[in-house]
Amino acid sequence: MPEASANVASKPIRIQTASGRVETAILHIFEMQTAGAVPAAATEASAASVGTDISSSDRRICALHQRSPIQMYMFDCHGVLLNANKAALAGLQPDAGPEGVGAHAAHMEMLFARGAYPGGKEQAVQAYEEALNAVFDLRVECHQHIQPYASRKDGTMKWALLEMWPLVDPVDSSPAVLVHKYNITQKKRAELLFTEQKEALEQRNQALERDWQQMLDEKFRLQMESKALAQHLNALLIDKFGPQDGKGFDSDTPIDKALAFLQFIIAGFCPPVQAALDLYRMLSEPGIDLRQPVRLENQLLTDNAEMDSEVGQSMLQLLQGRQRSQPSMAHPGAQQGEAPQNNNAAVRKAHISLALSRHPDLADAPTLDVSRDSLEGVAAAAPRPSQPVVIPITITPAVERMLQDAESNWQFDIFAYAEATPGNSLSMLTFHLLKSTGLVQEFDLNESKLTACLRKIESGYDPANPYHNSIHVASVVQMTHMLLVHGGVLKSKVLNRTQQLATYWSATVHDYEHGGLNNDFLIKTAHPLAITYNDSSPLENHHLAASSRVLYTPEYCFPPKEMAGQLIGVRSTCISQVLGTDMKKHFEILSRFQAAFKQVPKSPGGHSSTDSTNWDSTKVEDKTLLHQMILKCADIGHLTAAPRTHKRWAVQLEEEFFRQGDKERSVGLTVSPLMDRNQQGGMTRSQLGFFNIVGAPLFMAVIELFEDAQPMMQGLQANYHHWESGKIAELTI
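Residues numbered from 1 in each chain as written. Predicted model: local features only at pLDDT ≥ 70, side-chain atom pairs only at ≥ 80, totals over all residues. Heavy atoms only, no water.

## Structural notes on the overall build of the protein
Stage number 1. Along the protein, the regular secondary structure elements total 29 helices and 7 strands.
Stage number 2. Looking at the 733 residues of the protein, the share that counts as buried comes to 45%.
Stage number 3. Total accessible area on the protein is roughly 37,600 Å²; 54% of this is exposed by carbon and sulfur atoms. (Helix = DSSP H or I, 4+ residues; strand = E, 2+ residues; numbered from the N terminus. Buried < 20%, exposed > 50% of the residue type's maximum accessible area, 1.4 Å probe, protein only. Areas by Shrake-Rupley, 256 points an atom, 1.4 Å probe, with all protein chains shown as cover.)

## Thoughts on the pattern of salt bridges
Stage number 1. Under the counting rule described, the total for this entry stands at 12 salt bridges.
Stage number 2. Residues E442 and R497 are paired through a salt bridge, measuring 2.6 Å at the closest nitrogen-oxygen approach. Separated by 55 residues along the polypeptide, E442 in helix α16 (residues 439–442) and R497 in helix α20 (residues 497–509) bring together distant segments of the chain.
Stage number 3. By relative accessible area, E442 is classed as partly exposed at 45%.
Stage number 4. The residue R665 makes a salt bridge to D662 at a minimum N-O spacing of 3.7 Å. Of this pair, R665 and D662 both sit in helix α27 (residues 643–666), separated by 3 residues, roughly a single helical turn.
Stage number 5. Shared partners join several salt bridges into a network, and the residues in it are E655, R659, D662, R665, D676 and R677. (Salt bridge = Lys/Arg side-chain N within 4 Å of Asp/Glu carboxyl O.)

## Remarks on the packing of aromatic side chains
Stage number 1. Counted under the stated rule, the structure contains 9 aromatic pairs.
Stage number 2. Seen in terms of ring centroids, Y461 and Y512 are 6.1 Å apart; in terms of plane orientation they differ by 75 degrees. Their pairing is edge-to-face. Highlighted residues: Y461 in the loop between α17 (447–459) and α18 (470–486) and Y512 in the loop between α20 and α21 (519–524), separated in sequence by 51 residues.
Stage number 3. In this structure an aromatic cluster arises from ring pairing among F415, Y467 and W649.
Stage number 4. Sitting above the plane of the Y149 ring, K181 keeps its charged end 5.6 Å from the centroid.
Stage number 5. Here the basic side chain of R648 rests over the ring of F415, its NZ or CZ set 3.8 Å away from the ring centre. (Phe/Tyr/Trp six-rings, centres within 6.5 Å; stacked < 30°, edge-to-face > 60°. Lys NZ or Arg CZ within 6 Å of the ring centre and 35° of its normal.)

## Some thoughts on unusual backbone geometry
Stage number 1. If you check the backbone angles, R139 has positive phi at about 55 degrees while not being a glycine.
Stage number 2. Inspection of the secondary structure assignment puts R139 in the loop between α5 (121–137) and β5 (143–150).
Stage number 3. Looking at R139, the relative accessible area reads 44%, which means it is partly exposed.
Stage number 4. Phi at L674 is positive, roughly 70 degrees, even though this residue is not glycine.
Stage number 5. Summarising the element assignment, L674 is placed in the loop between α27 and α28 (687–705).
Stage number 6. Of the residues examined, L674 reaches a relative accessible area of 1% and is grouped as buried.

## What about the pairing of strand β7 (residues 175–183)?
Stage number 1. Burial runs high along β7: 7 of the 9 residues are buried.
Stage number 2. Examined bridge by bridge, strand β3 (residues 71–76) and β7 share 6 bridges and lie antiparallel to one another. Among the inter-strand pairings, Q71 is bridged to a residue of β7, identified as K181.
Stage number 3. Two elements, strand β6 (residues 157–168) and β7, share 9 bridges in a ladder whose sense is antiparallel. Its bridge partner lying in β7, P166 is registered against V177. (Pairing = 2+ DSSP bridges.)

## Focus: the packing of α17 against α20
Stage number 1. Viewed as axis vectors pointing N to C, α17 and α20 meet at an angle of 35 degrees, and their least axial separation amounts to 10 Å. The segment α17 lies against α20, with C453, L454 and I457 engaging W505, T508 and V509.
Stage number 2. When the residues that make up the contact of α17 with α20 are grouped by side-chain class, the tally is 5 nonpolar, 1 polar and no charged. (Axes fitted to C-alpha atoms, helices over the stretch in contact; angles between N-to-C directions. Contact = heavy atoms within 4.5 Å. Nonpolar A, V, L, I, M, F, W, Y, C, P; charged D, E, K, R; others polar.)

## Some thoughts on the sheet that holds strand β4 (residues 81–84)
Stage number 1. What the 5 strands build is an open sheet, ordered β4-β3-β7-β6-β5; its pairing is antiparallel. One side of each edge strand has no neighbouring strand; the edge strands of this open sheet are β4 and β5. Pairwise comparison of adjacent strand axes, ignoring direction, gives a mean angle of 25 degrees for this sheet.
Stage number 2. Taken strand by strand, α5 contacts β3, β5, β6 and β7, and its axis lies near 160 degrees from that of β5.

## Brief notes about the side chain of Q500
Stage number 1. Of note, Q500 is situated in helix α20.
Stage number 2. With near-sequence residues (within four places) excluded, Q500 lies in contact with T437, L439, L484, L490 and L495.

## Here we look at the environment of Q652
Stage number 1. With respect to the helices, strands and loops of the structure, Q652 is situated in helix α27.
Stage number 2. Assessed through its relative accessible area of 18%, Q652 is described here as buried.
Stage number 3. Among all residues touching Q652, those that are not within four sequence positions of it are F415, P466 and Y467.

## Thoughts on α28
Stage number 1. Between its first and last C-alpha, α28 extends 26 Å over 19 residues, near the 27 Å set by a 1.5 Å rise per residue.
Stage number 2. Where α28 bends most, at G695, the angle is about 40 degrees, and the proline P697 comes one to four residues later.
Stage number 3. With 16 of 19 residues buried, α28 lies mostly within the body of the structure. (Expected span 1.5 Å × (residues − 1). Bend = angle between axes of the 7 residues up to and from the residue.)

## Observations concerning the environment of E730
Stage number 1. Position of E730 relative to the elements: it lies in the segment after α29 (710–725).
Stage number 2. Classification of E730 by relative accessible area gives exposed; the value is 65%.
Stage number 3. Spatially, the C-alpha atom of E730 lies 9.7 Å from that of R644, the residues being 86 residues apart in sequence.

Quick look at the structure:
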């Protein structure tokens, strides 16, 4: 074995042991000399072969160098690898085997070629050249380069930090570079996440700044609108309590005006003092009717563009039951052209005398005849069918299609249907709707008795009446069905199934045994019905009483015995609904309904004191108002029908009024306004006024609560425009 000797030289160097941390260490250089050999760089093996002449500390330093997980390289100024630890050699070219590449084959450029640069190989070469320039030309203290690379395991992107420290090769004193490679993936990912979050925050801040500016702009706009609204409300409040001065009909009652005044206060506005004084004076007037429009008589009897004084008198008689001057009956012996007596006592005495002359049984009889014959009063009885009409056993396909159409058509052609079902229109349609809605099955109604009962009820409607006949009632039943099923009433669950059945029955009997004469005629002639019901809704009371007698007759009583307890509720609902069709009660019902269901405005705090859609907490008497409003809308539903259908109803109602006027003249009464066929135009002259005063407010109040009923208002507006423009005259019926 050749003789060998070892020389050890030591020198201090600076080494970065971690990112941002530099320490001073001692570099031990081992040189072995044998006969004929040249010095070579020491390795771990040569150090071990030195034997006892190499200190334990030196061997430990070699072990640390080789076992460190941090990749450490030393390259010369040409990029050739001079030395590297085991981790560095394995990482430089992992495909070369477990020991990596040899020192003779490694090059610094290979470090940069491992990177996954966006610019590819060109960017890797550029990074390598920049590193050489910084270390060997510029002699920077430490050159750092962040290198992206793909993971060998899963291909995910990672990052490494290359730190390059200039130094002198201790072997030949030539320029060299010490390279440390650190895995900084976690740090880089954190930086990227932070950058993303920072950018997101900056964008959010910019968005918030834009929103803030928009809020400022919106605040300014709302302030301007609030100022304008306050001015508008102030003017509106003054207009609401001040005189109308021909501005149109004011349908608000004193109660409505008082509630409106309170609503302004709740909304945070301060009403003018004059409005408060006007309201005080209004409520302090003696004999004021809180549920009638303020100055109703003056409004109706003042000529305006919508109606003249005679139309106003007709509306006043319809809605209030009196005209400006009472009474209107002439002395029975008066000649044509003589002025009627104006002594109330004398006229009333004449009324009673006339009634006794027409009804001598009233003078002695302890009981009154309230049968259908008594309705004929002072007029001759109209002919009526001797036998009730029978519903046909079979229904033609055309009629079946019409019945199906009636289930969902807001402008159902009732006259075409009536022509296809002569004498059976009401009974057939009512039976069909009760079946289609499941009420017959649910309550186990006796279909045979139901059919017989409906036939009996239909026979009680006089076909000689131009308007109050079974076709009108069938139309009311169909409109009632539309409001319940398609108008949102049943969907809201404000009616239970028993009340739904009662509502169909109310619509069916609401004009039962109507004689074609209104309540005013019956009261003025002291008719037995007027005396029986003390001048209080004599017709409506009779419709209820007479139809109830039919229902409680065993052969017509279609509800099963199990419904005996429920019939009390059915009857209660029917009574309130049918009595509510008396137009004398129109403003009272409408005013109470609006007060009960019109939502109270929000206070400045934003909270509403009531919720009109919470039916479970709605009072029973308020639900009764809703029941009444449903039948009231259906009763004048022809206002929302197709224009041609509506015109036909208007003409037929006018004819019925003319017939009453003829009867008034025949018994010595002054003909009621718009009922004189000898005058130009009849009740059709009052249509615009009726739309504005009665129709539109009624339907609007219901639609505000049930938006699904909006088609009614569309039909009403179309008919109103036809009357307003005069196009109604062009329609043929």
